[in-house]
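Structural characterization, general
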Amino acid sequence: MKTISILYRFIIALVLWFLNITQWFHRSIIQFISRNRYTITVNIDVSRNDLWNINNDQMSKIQFNKPTEVLALIINERIPDTDLWKFFINSIVFFRKLNIQHLIIYDYEGYIKARETLIMNYVHEYDKKVQSSLPLPTIHFLSLIDCSQTLTKVTQTLCQQVKQNELNPDSIQIETIDRCYTKLSTIPEINLALIIGPIKSALGLHPWLTRLTEFIMIDSYKQIQTTNSYINIVQRYNLIEQRQGR
Amino acid sequence: MSLITVNNSSNFHYTWLQRCAGNIIRYGCTTRPKHIAIVMDGNRRFAREHNFERSRGHTLGADKLFDVCQWCYDLGINELSVYAFSLENLKRSQDEIDTLMSIARLKLSEIEKSLEKIHEQQICIRIIGNLDLLPDDIRQSSYYLMNETDQYKNFILNVCFYYTSRNEITNIIKDLIKGYQKDLINISDIDDDLIMQSLIVSTSHTGHLPDIFLRTSGELRLSDFMLLQCRFSMWIFADVYWPAFNIWHLYWIILQYEMKSKTLINIQNQCKDILKENQIMNEEKTQRIKTYLDWLEQQRTERLKL
């Protein structure tokens, strides 16, 4: 039995090795294709080294086809500092043009939240450079600690209201919790979330607000470096139909 | 050996290739998932594609659930949570709701007929949701089944019926407030850990949260299913309608879990450490929490006996 168990483990290890190799190959192909797409479709006056490479002509053609005010970027990989600013500025500039009201940037560790001031400085610099008059969405830099404490605060707030006879516990409904949660988190329900990185999970981003969120999985931030890739995301999202129970 | 006798089939049948692959996965994978949560989506679209009536799609979907239970049991996965009917589905036509309730009645009566086997196999069946909204006969059958099988832990099937995660979380919060009113807990005792432990009392017999969240039909939403329980699970969105889900899809999902489990478990441990950093524990608090959770468990058991 022990020999058979070892043999089975060896077979599984072999299968997983093969899958890992093909996944690596698949990722390399995607990166190669993305690089090629970059050099073919970006306007000639936007250089490869320029921080901001959003193509304004392509942008005017793209819109969300359903109300989408809250968007989350869930970063499940370590983005090097040299790429971090460029990635977030591209994302903020792109989604701002689509009238996003709230943009959430979430990573469970909080390493991006720690760089919030620097990222926002870059964004303001960009706005000065291009003299942009478009309003910025409310940008929320969140980590696991922020999201995990909200439901606790909601419960404690309601406990205090019950203690002060401001609220009857039997009258508490989903809407009561929802109002309190939205007030404490300052974020409405999330419409669209991009999970960027190898782990396909929101890893604790405001579970209460993600009940109807559409999740789009992207293997790496390196796959969304061009206007086309952002446009592809919006087009993918536009194809989705929400039945809401029906 | 078949788990539950359904559709008069006394022996579950695998092909030799399925059996071989199943054994390799069961005894070869070092980190098999112990608990899978499934949104069984795509019955109506499956029926439409095959020119069946909608009710046939739902019946095939219900049959598929029992097949998947058997496959999971044979692979050593001992807990399954499934999303059978959402409170949001009450927006559907009365005709469709009646069809779904008829299928539920049929399956419950089939399970009741197999009760001897269920006792033999030590299977626990739990119906989780807003059971007060269930039709009387289905509610009575559900309570009966849950009372009969509550003590078993060999294989656990959690059927989420008339359920939404927000409704579940709201009830947990109401229980916490009642506990606070009864002086079982202090306001400062309420934290993320207590909320999760309260959830586990109502939704997981083994105390093990889902390792995998699986949704069929290609939709990329959670649709208000186990939002807190699955926040650190591996999410797999399978592009196959539920009635067409077969054993090879399950094998593939387990292989994917095996591939990513090391990274995922590292991240889950990091998340647990991050959450623990903010926790303040002392002996008195631990005792209060224990008293509260015992009271919660007692409430749940008393509700079953009604």
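Residues numbered from 1 in each chain as written. Chains lettered and ligands numbered in written order. Predicted model: local features only at pLDDT ≥ 70, side-chain atom pairs only at ≥ 80, totals over all residues. Heavy atoms only, no water.

What about the overall build of chain B?
This is how it is decided: Strands here are runs of E lasting at least two residues and helices are runs of H or I lasting at least four, both read from the DSSP assignment and numbered beginning at the N terminus. Radius of gyration: C-alpha atoms only; globule rule: 2.2 Å multiplied by the number of residues to the exponent 0.38. Burial classification: accessible surface area is computed with a 1.4 Å probe over protein chains only, and a residue below 20% of its type maximum counts as buried, one above 50% as exposed, and the rest as partly exposed. Method for areas: the Shrake-Rupley scheme with a 1.4 Å probe, in which residue coverage is limited to the protein chains shown. In this tally Asp and Glu are treated as negative and Lys and Arg as positive; neither His nor the chain ends contributes. For the purpose of locating charges, the reference atoms are NZ of Lys, CZ of Arg, CG of Asp and CD of Glu.
A tally of regular secondary structure across chain B gives 10 helices and six strands. Since a compact globule built from 306 residues should have a radius of gyration of about 19 Å, the 20 Å found for chain B is in line with a globular shape. By its C-alpha atoms, chain B is 60 × 45 × 40 Å across when sized along the principal axes. Across the 306 residues that make up chain B, the buried fraction comes to 58%. Surface summary for chain B: the accessible area is close to 13200 Å², and the carbon and sulfur share equals 49%. Between the averaged position of the 36 positive side-chain charges in chain B and that of its 39 negative side-chain charges there is a distance of 3 Å.

A closer look at the UniProt feature "transmembrane region" (unreviewed entry) in chain B
This is how it is decided: UniProt positions are given in the numbering used here, feature names are shortened, and annotations may be inferred rather than shown by experiment.
Sites flagged by UniProt as "transmembrane region" (unreviewed entry) map to residues 232-254 of chain B. Secondary structure across residues 232-254 of chain B comprises 35% helix and 17% strand; the distance between its end C-alpha atoms is 17 Å.

Focus on the side chain of Ser 198 of chain B
Residue and element names in this part refer to chain B. Rules: By the criterion applied in these results, polar contacts are pairs of N or O atoms within 3.5 Å in which, for protein atoms, one can donate a hydrogen and the other can accept it, and in which residues neighboring in sequence qualify only through two side-chain atoms. Contact definition: two residues touch when any of their heavy atoms are within 4.5 Å.
Tracing the sequence through the fold places Ser 198 in helix α8 (residues 192-203). For Ser 198, the side chain forms a polar contact with the main-chain oxygen of Leu 194, separated by 2.7 Å. For Ser 198, the contacting residues outside a window of four places in its chain are Ile 172, Leu 176, Tyr 292, Leu 293 and Leu 296.

Considering the interface of chain B and chain A
Heads up, the rule is: Put simply, buried area is how much 1.4 Å-probe accessible surface two parts lose in total, over both of them, once they are put together. A side-chain nitrogen of Lys or Arg and a carboxyl oxygen of Asp or Glu constitute a salt bridge if their distance falls within 4 Å. Throughout, the ten residues Ala, Val, Leu, Ile, Met, Phe, Trp, Tyr, Cys and Pro are labelled nonpolar, Asp, Glu, Lys and Arg are labelled charged, and all others, Gly among them, are labelled polar.
Facing 60 residues of chain B, the contacting portion of chain A comprises 60 residues. Surface buried jointly by chain B and chain A totals about 5400 Å² across both partners, of which 67% is contributed by carbon and sulfur atoms. Scanning the region where chain B abuts chain A turns up five salt bridges. One salt bridge in this structure joins Glu 88 of chain B and Arg 211 of chain A, with 3.8 Å as the shortest N-O distance. Linking chain B to chain A there are 15 residue pairs in polar contact (both at pLDDT 80 or more). Secondary-structure elements contributing two or more residues to the side of chain B that touches chain A are α1 (16-28), α2 (43-49), α7 (165-181), α8, β6 (234-237) and α9 (247-277) of chain B. Per element, the largest residue contribution to the side of chain B that touches chain A is 12 residues, and it comes from α9 of chain B. Considered class by class, the residues forming the side of chain B that touches chain A number 28 nonpolar, 14 polar and 18 charged.

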